[in-house]
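One-letter residues, chain by chain:
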Amino acid sequence: IVRHTNPTHPTVPQAIAAATTQPQTVGSAAGKGIVNINTADASVLESLPGVGPSTAKAIIAHRQANGPFGKIEGLLDVKGIGDGKFAEMKPFVTVS
């Protein structure tokens with residue numbers, strides 16, 4: 001039996017690997033899943049609790065307009081981030 005693989009569809013091992021791959025964190029603290037909000041791209045920011053595509057874009061836009069965050073509480077200045085969302089993210093973010 002000759003099996004032909006379709007290059008546009010992953011094999012089962014590839015699909016399993018893709019489904020179990022942990023999101024990358026930028027400036028992470030060795031396996032703790034801490035995200036550096038000054039260097040993370042949108043996909044990494046979206047791995048944070050309460051952060052979707054629009055909030056990730058807002059964080060990046062704020063960072064580009066105002067420079068790097070000096071402290072994590074600077075996230076409260078980002079449109080769409082209030083006390084509740086900040087409280088969800090706080091354990092998982094850093095600025096260094």
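All values reported here derive from a predicted model rather than from experimental measurement.

Caption draft 1: Here's a closer look at the nonpolar core. Judged by nonpolar contacts, the single largest core of 19 residues is most densely connected at Leu-45 and Leu-75. Sorting elements by how many residues they give to this core places helix H3 (residues 53-66) first, with 4 residues.

Caption draft 2: Structural view of the environment of Ile-72. Relative to the elements of secondary structure, Ile-72 occurs in the loop between H3 and helix H4 (83-89). Classification of Ile-72 as buried rests on a relative accessible area of 15%. Between the C-alpha atom of Ile-72 and that of Ile-37, which follows or precedes it by 35 residues, the distance is 7.9 Å. Excluding anything up to four places from it in sequence, Ile-72 contacts Ile-37, Phe-86, Lys-90, Val-93, Thr-94 and Val-95.

Caption draft 3: Main features of H3. Here H3 contains 14 residues, and its C-alpha end-to-end distance of 20 Å stays within 8% of the 20 Å for a straight helix at 1.5 Å per residue. The set of residues buried in H3 consists of Thr-55, Ala-56, Ala-58, Ile-59, Ile-60, His-62 and Arg-63. After H3 finishes, the residue Gly-67 shows a positive phi value of roughly 85°.

Caption draft 4: View of the confidence of the model for the protein chain. On average, residues of the protein chain score 81 in pLDDT, and 67% of them reach the 70 mark or higher. Every residue in residues 19-31 is under pLDDT 50, and counting partners more than four places away or in other chains gives 18 contacts.

Definitions and cut-offs
Residues numbered from 1 in each chain as written. Predicted model: local features only at pLDDT ≥ 70, side-chain atom pairs only at ≥ 80, totals over all residues. Heavy atoms only, no water. Core = buried A, V, L, I, M, F, W, Y, C linked by side-chain atoms within 4.5 Å. Buried < 20%, exposed > 50% of the residue type's maximum accessible area, 1.4 Å probe, protein only. Helix = DSSP H or I, 4+ residues; strand = E, 2+ residues; numbered from the N terminus. Contact = heavy atoms within 4.5 Å. Expected span 1.5 Å × (residues − 1). pLDDT = per-residue confidence, 0-100.

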